[in-house]
Amino acid sequence: VQLQACGGGLVQAGGSLKLSCLASGTTLSINAIGWYRQAPGKQRELVARISTNGVTSYADDVKGRFTIYRDDAKNTLYLQMVSLKSEDSAVYYCNTLTRRLSPILPWGQGTLVTVSS
């Protein structure tokens, strides 16, 4: 089972970026799944999650700017980010979640998002 996050890059503040999480060996829709991020010197934090029935939830500082969604036909998770801020700069990861919102799988490499001000 492997989840691979991709789509990161360098973007100016106010810009947009869409991340993808490609799954192999598992079906994304059978578990809740989320996007995490970790900035240098900070703990990894859960910024967005989607339940098995499509209910979404966001951290306060990304609410209204980030959208998490899942394409079950492609078995892929996405994170659409708009109005990016410098504080959004981080390595972004995806992971499936337990009922208590703990990550299930070993962490992959993540994808780096750098927002220049």
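Summarised in this report is the structure supplied together with it. (Residues numbered from 1 in each chain as written. Predicted model: local features only at pLDDT ≥ 70, side-chain atom pairs only at ≥ 80, totals over all residues. Heavy atoms only, no water.)

1. Describing the overall build of the chain
Phase 1 of the analysis: Scanning the chain from terminus to terminus reveals zero helices and ten strands.
Phase 2 of the analysis: Starting at the N terminus and ending at the C terminus, the chain contains elements arranged as β-β-β-β-β-β-β-β-β-β.
Phase 3 of the analysis: The C-alpha radius of gyration computed for the chain amounts to 13 Å, which stays within 12% of the reference 13 Å derived for 117 residues, consistent with globular compactness.
Phase 4 of the analysis: Dimensions of the chain, computed from the C-alpha atoms along their principal axes, are close to 40 × 25 × 25 Å.
Phase 5 of the analysis: When the 117 residues of the chain are sorted by exposure, 42% land in the buried category.
Phase 6 of the analysis: A sequence separation of at least 24 residues applies to 52% of the contacts in the chain between residues at least 6 apart. (Helix = DSSP H or I, 4+ residues; strand = E, 2+ residues; numbered from the N terminus. Rg over C-alpha atoms; globule rule 2.2 N^0.38 Å. Buried < 20%, exposed > 50% of the residue type's maximum accessible area, 1.4 Å probe, protein only. Contact = heavy atoms within 4.5 Å.)

2. Looking at the sheet that holds strand β3 (residues 17–24)
Phase 1 of the analysis: Strand order in this open sheet of four strands is β1-β3-β8-β7, and the pairing throughout is antiparallel. Single-partner strands in this sheet number two, and they are β1 (2–6) and β7 (66–71). Taking the axes of each pair of neighbouring strands and ignoring which way they run, one obtains an average angle of 15° across the sheet.
Phase 2 of the analysis: Note: β7 against strand β8 (residues 76–81), six bridges, orientation antiparallel. Of the residues in β8, the one forming a bridge with Thr-67 is Gln-80. (Pairing = 2+ DSSP bridges. Axes fitted to C-alpha atoms, helices over the stretch in contact; angles between N-to-C directions.)

3. Looking at the pattern of salt bridges
Phase 1 of the analysis: Within the structure shown, the criterion is met by six salt bridges.
Phase 2 of the analysis: Salt-bridge contacts for Lys-63 lead to Asp-60; the nearest nitrogen and oxygen are separated by 3.2 Å.
Phase 3 of the analysis: Here Arg-65 and Asp-88 are joined by a salt bridge, their closest N and O atoms 2.7 Å apart. Within this pair, whereas Arg-65 is found in the loop between β6 (56–58) and β7, its partner Asp-88 is found in the loop between β8 and β9 (90–97), the two being separated by 23 residues in sequence. Each member of the pair, Arg-65 as well as Asp-88, carries the same accessibility label: buried.
Phase 4 of the analysis: Shared partners join several salt bridges into a network, and the residues in it are Arg-37, Glu-45, Asp-61, Arg-65 and Asp-88. (Salt bridge = Lys/Arg side-chain N within 4 Å of Asp/Glu carboxyl O.)

4. A few points about the state of the cysteines
Phase 1 of the analysis: This structure, assessed with the given rule, holds one disulfide.
Phase 2 of the analysis: Disulfide pairing places Cys-21 opposite Cys-94 at an S-S distance of 2.1 Å. The sign of the S-S torsion, about 80°, decides the handedness of the disulfide formed by Cys-21 and Cys-94: right-handed. Pair noted here: Cys-21 is in strand β3 and Cys-94 is in strand β9, with a separation of 73 residues, a long-range link. Assigned by exposure class, Cys-21 and Cys-94 land together as buried. (Disulfide = S-S within 2.5 Å.)

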